[in-house]
Amino acid sequence: MSWDAELRLAREAALRAGDLLTRLRAGQLDVDSDAGRDIKLAADRQAEAAILDTLAASPHPILAEESGVSGSATDGPRWIVDPLDGTVNYSRGLDLCCVSIALWDGERPLCGVVHDFTRRELFCGVVGRGAWRNDAPIQVSAAADPARAILGTGFPVNRDFASPALHRFIDRVRSFKKLRLLGSAALSLAWVACGRLDAYCEEDIMLWDVAAGLALVAAAGGRAEATPSPARPMAHLARAAATAGLFAAISAKD
């Protein structure tokens, strides 16, 4: 299948949510919760409602960060939605946040859309066909040596922060030239897809945070993988890289 209709619908939903989030950010943001390492805003819920309203035109079920599963359960494709990835950044006026919408079939990404509404950049991709930024083709970098590559990563709320786990993480990433922690997994992966970053690795990240970005990297010619984590349901070890050499570097210390 070409997934053209699904991609058009995801684009429409992402643009609608991004416009809403831009308007909401200009006013007073209502905080639903601010416990531990996470924050939830009313804007998350409002953006998700706009996305779900748009995706209602599709027969596929939806897994969304705020509201969970909707639609009839099937063995076929399903939408995976993060209405606002980088909520802390958004709440603090840091322009590193985005809308993330993906279509997956089981553990296999089909297409993805990441809307960086602060920069007005819309990343779209269909695995096996290509990826685009604002309709211009994009592809991953040619970087093969970690010593000359930039790795995107992060510390999600569910990860193990004990010293042994952090030391294992350091062993995995220390060979890279530079590390970048954007505070948005979806945006980090979109930047791998267009060559701004060369690889990405994050432990115990929720699937909705990375589903669209992993689809973009795969569509742009890179390698992307999400392995279920025992940390909690829907948590994953997510890895993506422009080349096989970089992917091996972030996989070597599991």
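For clarity, every value in this text was computed on a predicted model and none was experimentally measured. (Residues numbered from 1 in each chain as written. Predicted model: local features only at pLDDT ≥ 70, side-chain atom pairs only at ≥ 80, totals over all residues. Heavy atoms only, no water.)

Another point: helix α1 (residues 4-25). With 22 residues, α1 should cover 32 Å at 1.5 Å per step; its first-to-last C-alpha distance of 31 Å lies within 8% of that length. Along α1, the residues classified as buried are Glu6, Leu7, Leu9, Ala10, Ala13, Ala14, Ala17, Gly18, Leu20 and Leu21. Projection of α1 onto a plane perpendicular to its axis shows the buried side chains occupying an angular sector of 165°, all on one side. Exposed and facing more than 90 degrees away from the buried side of α1 are Arg8 and Arg23. (Helix = DSSP H or I, 4+ residues; strand = E, 2+ residues; numbered from the N terminus. Expected span 1.5 Å × (residues − 1). Buried < 20%, exposed > 50% of the residue type's maximum accessible area, 1.4 Å probe, protein only. Arc of directions from axis to C-beta.)

The next point concerns the sheet that holds strand β8 (residues 121-126). Pairing within the open sheet is mixed, and its eight strands lie in the order β4-β3-β5-β6-β7-β8-β9-β10. Since the sheet does not close on itself, it has two edges, and those belong to β4 (68-70) and β10 (136-138), each with one partner. Averaged over neighbouring strand pairs, the angle between their axes works out to 20° when direction is ignored. Across three bridges, strand β9 (residues 130-133) lies against β10 in antiparallel orientation. Paired with tryptophan 132 across the bridge in β10 is proline 137. Running at roughly 30° to strand β7 (residues 108-116), α1 makes contact with β5 (77-85), β6 (98-105), β7, β8 and β9 of the sheet. Sitting on the sheet, helix α2 (residues 42-55) is in contact with β3 (62-64), β5 and β6, with an inclination near 150° to β5. (Pairing = 2+ DSSP bridges. Axes fitted to C-alpha atoms, helices over the stretch in contact; angles between N-to-C directions. Contact = heavy atoms within 4.5 Å.)

Here we come to the sheet that holds strand β12 (residues 178-180). Spatially, β12-β11-β13-β15-β14 is the arrangement adopted by the five strands of the open sheet, whose pairing is mixed. Lying at the two open borders of the sheet, with one neighbouring strand each, are β12 and β14 (223-228). Recorded for the sheet is a direction-independent mean angle of 15° between the axes of neighbouring strands. As defined by bridge partners, β14 adjoins strand β15 (residues 235-241) across six bridges and the pair is classed as antiparallel. Note on β15: the bridge partner recorded for glutamate 225 is arginine 239. In the packing of helix α5 (residues 185-193) onto the sheet, contacts are made with β13 (199-206) and β15, and the angle to β13 comes to roughly 155°. Those strands touched by helix α7 (residues 244-251) are β11 (150-152), β13, β14 and β15, and its axis lies near 145° from that of β15.

A few words on the packing of aromatic side chains. Each aromatic ring pair is summarised here by two numbers: the centre-to-centre distance and the angle between the ring planes. A full pass over the atoms with the stated rule returns one aromatic pair. Between tyrosine 90 and phenylalanine 117 the ring centres are 6.1 Å apart and the planes differ by 75°, which places this aromatic pair in the edge-to-face class. You can see tyrosine 90 sitting in helix α3 (residues 87-91) and its partner phenylalanine 117 sitting in the loop between β7 and β8, a full 27 residues away along the chain. The buried category is assigned to phenylalanine 117, whose relative accessible area is 7%. (Phe/Tyr/Trp six-rings, centres within 6.5 Å; stacked < 30°, edge-to-face > 60°.)

Attention now goes to a nonpolar patch on the surface. Judged by side-chain polarity, Phe155, Leu179 and Leu181 come together as a nonpolar surface patch covering roughly 250 Å² of accessible area. Of note, phenylalanine 155 is situated in the loop between β11 and α4 (163-173). (Patch = residues over 30% accessible without salt bridge, like charges linked within 9 Å, V, L, I, M, F, W, Y side chains within 5 Å. Areas by Shrake-Rupley, 256 points an atom, 1.4 Å probe, with all protein chains shown as cover. Salt bridge = Lys/Arg side-chain N within 4 Å of Asp/Glu carboxyl O.)

Counting buried residues in α5 gives nine out of nine residues, a clear majority hidden from the surface. Residues of α5 that are buried include every one of Ala185, Ala186, Leu187, Ser188, Leu189, Ala190, Trp191, Val192 and Ala193, and no others. A positive backbone phi angle near 90° is found at glycine 195, which sits one or two residues after α5.

What follows is about the layout of surface pockets. By rolling a water-sized probe across the atoms, one finds the places where empty space is left. One number sums up the size of the largest pocket: a volume of about 690 Å³. In terms of lining, the largest pocket is formed by 31 residues, of which the most central are Asp38, Pro156, Val157, Gly183 and Asp209. For the lining of the largest pocket, the secondary structure elements donating two or more residues are β5, α3, α5, β13 and α6 (207-219). A breakdown of the residues in the lining of the largest pocket according to their chemical character gives twelve nonpolar, nine polar and ten charged. (1 Å grid on protein atoms, 1.4 Å probe; cavity = no way out; pocket = protein on both sides within 12 Å on 5 of 7 lines; lining within 4 Å. Points joined across faces, edges and corners; volume = space filled by probe spheres on them. Nonpolar A, V, L, I, M, F, W, Y, C, P; charged D, E, K, R; others polar.)

Turning to the pattern of salt bridges, a few remarks are in order. Per the stated rule, a full pass over the model turns up 13 salt bridges. For arginine 16, the salt bridge goes to aspartate 53, with nearest N and O atoms at 2.8 Å. In this pair, arginine 16 sits in helix α1 while aspartate 53 sits in helix α2, placing the two residues 37 residues apart along the sequence. Two residues, aspartate 32 and arginine 45, come together in a salt bridge whose shortest N-O distance is 2.6 Å.

In short, geometric facts, not functional conclusions.
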